[in-house]
Amino acid sequence: MKSQLEKAMESLITVFHNYSGREGDKHKLSKMEMKSLLQGELSDFLTESKDPLVVDKIMKDLDENHDGEVDFQEFVVLVAALTMACNDFFLQQNANN
Ligand SMILES: [Ca+2]
Ligand SMILES: [Ca+2]
């Protein structure tokens, strides 16, 4: 029986590879794959930012080693940042109630 956190970690890995395996390097997200991942998994986040260049910006921010692709390590940074933002929102909501 897996814990909730273990399941969450497994989901992260599965989601990443669902998209990273579509073209080029199987273990890295190209810009196209990144875009599909954002549209498929984080569409609310994408809709909220009206910036048409948002995918380019995210890619640039995440691509620490400047190889033009996002590897798992770089992807986890995005998830961690978004999770922290959600947590702040959650805490705020709770404080208001
Ligand atoms: Ca790929
Ligand atoms: Ca990279």
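Bear in mind the structure is a predicted one, so any value in this text is a computation, not a measurement.

Conventions adopted
Residues numbered from 1 in each chain as written. Chains lettered and ligands numbered in written order. Predicted model: local features only at pLDDT ≥ 70, side-chain atom pairs only at ≥ 80, totals over all residues. Heavy atoms only, no water. Buried < 20%, exposed > 50% of the residue type's maximum accessible area, 1.4 Å probe, protein only. Core = buried A, V, L, I, M, F, W, Y, C linked by side-chain atoms within 4.5 Å. Helix = DSSP H or I, 4+ residues; strand = E, 2+ residues; numbered from the N terminus. Contact = heavy atoms within 4.5 Å. UniProt positions renumbered as here; feature names shortened; annotations may be inferred. Donors = N, O, S within 2.8 Å, 3.2 Å for Na, K, Ca; no water. Tetrahedral: all angles 85-135°; square planar, octahedral: opposite > 155°, others 65-115°. Axes fitted to C-alpha atoms, helices over the stretch in contact; angles between N-to-C directions. Parallel < 35°, antiparallel > 145°, perpendicular 65-115°, else oblique. Left-handed = near helix turned anticlockwise from the far one by under 90°.

A separate point is unusual backbone geometry. One non-glycine residue, His66, adopts positive backbone phi at about 55 degrees. Judged by relative accessible area, His66 falls into the exposed class, the value being 68%.

Ranked by size, the top nonpolar core spans 18 residues in total, and within it Leu29, Met34, Leu38, Ile58, Val70, Phe75 and Leu78 carry the most contacts. Listing elements by their share of this core, those giving two or more residues are α1 (4-20), α2 (31-41), α4 (54-62) and α5 (72-96). Top element by residues in this core is α4. It accounts for 5 residues. If we ignore the near neighbours within four places in the chain, the residues touching Phe75 are Leu12, Phe16, Leu29, Leu37 and Val70.

All right, on to the UniProt feature "domain: EF-hand" (unreviewed entry) in the protein then. Feature annotation in UniProt places "domain: EF-hand" (unreviewed entry) on residues 50-85, given in this structure's numbering. The span residues 50-85 carries 64% helix and 6% strand; its end-to-end C-alpha distance comes to 18 Å.

Bringing the coordination of the calcium ion (ligand 1) into the picture now. Looking at the metal site, the calcium ion (ligand 1) is ligated by Ser20 (O), Glu23 (O), Asp25 (O), Lys28 (O), Glu33 (OE) and Glu33 (OE), spaced 2.3 to 2.6 Å from it. Relative to the metal, the 6 donor atoms surrounding the calcium ion (ligand 1) lie at angles of 52 to 164 degrees, and the coordination shape comes out irregular. In primary-sequence terms, the residues that donate to the calcium ion (ligand 1) follow S-x2-E-x1-D-x2-K-x4-E.

Before going further, it helps to examine the packing of α1 against α2. Contact geometry of α1 with α2 gives a least axis separation of 9 Å together with a crossing angle of 130 degrees. One finds that α1 runs oblique with respect to α2. Relative to α2, α1 is oriented so that their crossing is right-handed. Residues Val15, Phe16, Tyr19 and Ser20 of α1 lie in contact with α2, whose contacting residues are Glu33, Ser36, Leu37, Gly40 and Glu41.

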